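# Observations on the model geometry
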Amino acid sequence: MQRDYITEKDFEELFRDYYARCYYYAYDILDQEEESRDVVGEAFLSVWKNRENVDRDKLRAYLFTSIRNKCLTQIGKQKHTYRITDEALRHLAAETDEEWLEREERIRQIEHEIELLPARTRLVLEQCYYHHRTYREVAAELGITTDGIKKHITTAMKHLRQHFHKEKPKK
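Overview of the structure. Because the structure is predicted, anything quoted here is derived from the model rather than measured.

Here the focus is the overall build of the chain. When its secondary structure is counted, the chain shows 8 helices and 0 strands. Starting at the N terminus and walking to the C terminus, you meet the elements of the chain as α-α-α-α-α-α-α-α. The burial tally for the chain puts 33% of its 171 residues in the buried class. Counting only contacts in the chain whose residues sit at least 6 apart along the sequence, the fraction spanning at least 24 positions is 62%. Summing over all exposed atoms, the chain offers an accessible surface of approximately 11,800 Å²; the carbon and sulfur share of this is 49%.

So, in structure tokens, the structure goes:
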């Protein structure tokens, strides 16, 4: 049986499609920009080095598991600099590949819904939540008030709530 290896094109596509998600995932765990970039870079390097042994169908799970493990190693090395409880570390380490895939699918759905937002609302949401910028900073950059920023955020959150929570009909 001939094995279907990851090609250079596959790897480039994976990198392009998943780098940002991987970075934010690592950043969510480490809360350090530079270390998160390093961990994600190492994880992608690991995928490339092991491309002949990685099952294509489990590539995303392999990537996110690798990032999780590298983050845990990083935390273990510098535990005194992080405010993560042992319980949180145990929970993170205990998640299964299926849970990772479910989380990845939820992220994909959220990103899809964000893409459907009006361009300016999407920009405001990304600046405030992805790039951790203040309402004041974003308002100054866009030439609007902080109340305008709040309206964009409210619009975005309403859209996401409607999609993911499917509001119950009123009696």
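Now for the side chain of Ser36. As for its placement among the helices and strands, Ser36 is situated in helix α2 (residues 33-49). Residues within four places of Ser36 in sequence aside, it is in contact with Tyr23, Ala26, Tyr27 and Leu30.

This paragraph deals with the packing of helix α1 (residues 8-30) against helix α3 (residues 59-77). Taken N-terminus to C-terminus, the directions of α1 and α3 make an angle of 30 degrees; their axes are 10 Å apart at the nearest point. Relative to α3, the element α1 lies roughly parallel. Remark: the crossing between α1 and α3 carries right-handed chirality. When α1 is examined against α3, the residues Leu14, Tyr18, Arg21, Cys22, Tyr25, Ala26, Ile29 and Leu30 are found in contact with a partner set consisting of Leu59, Arg60, Leu63, Phe64, Ile67, Arg68, Cys71, Gln74 and Ile75.

This part is about the nonpolar core. By size, the foremost hydrophobic cluster in this structure holds 24 residues, and its most contacted members are Cys22, Phe44, Leu63 and Ile67. Residue assignment for this core shows that the elements contributing at least two residues are α1, α2 and α3. Other than its neighbours up to four places away in sequence, Leu63 contacts Leu14, Tyr18, Cys22, Ala43, Phe44 and Val47. Within the second largest apolar cluster, 12 residues are counted, among which are Ile114, Leu125, Ile149 and Leu160.

As enumerated under the stated definition, the model contains 9 aromatic pairs in all. With a centroid separation of 6.5 Å and an interplanar angle of 80 degrees, the aromatic rings of Tyr18 and Phe64 are classed as edge-to-face. Here Phe64 lies in helix α3 and Tyr18 lies in helix α1, a separation of 46 residues in the sequence. Given the relative accessible area of 12%, Tyr18 is considered buried. Phe64 gets classed as buried once you look at its relative accessible area, which sits at 4%. Here the aromatic residues Phe11, Phe15, Tyr19, Phe44 and Trp48 are joined through ring pairs into a cluster of three or more. For the cation-ring pair, Arg51 lies above Trp48, with the distance from its terminal atom to the ring centre recorded as 3.8 Å.

Cut-offs used in this document
Residues numbered from 1 in each chain as written. Predicted model: local features only at pLDDT ≥ 70, side-chain atom pairs only at ≥ 80, totals over all residues. Heavy atoms only, no water. Helix = DSSP H or I, 4+ residues; strand = E, 2+ residues; numbered from the N terminus. Buried < 20%, exposed > 50% of the residue type's maximum accessible area, 1.4 Å probe, protein only. Contact = heavy atoms within 4.5 Å. Areas by Shrake-Rupley, 256 points an atom, 1.4 Å probe, with all protein chains shown as cover. Axes fitted to C-alpha atoms, helices over the stretch in contact; angles between N-to-C directions. Parallel < 35°, antiparallel > 145°, perpendicular 65-115°, else oblique. Left-handed = near helix turned anticlockwise from the far one by under 90°. Core = buried A, V, L, I, M, F, W, Y, C linked by side-chain atoms within 4.5 Å. Phe/Tyr/Trp six-rings, centres within 6.5 Å; stacked < 30°, edge-to-face > 60°. Lys NZ or Arg CZ within 6 Å of the ring centre and 35° of its normal.

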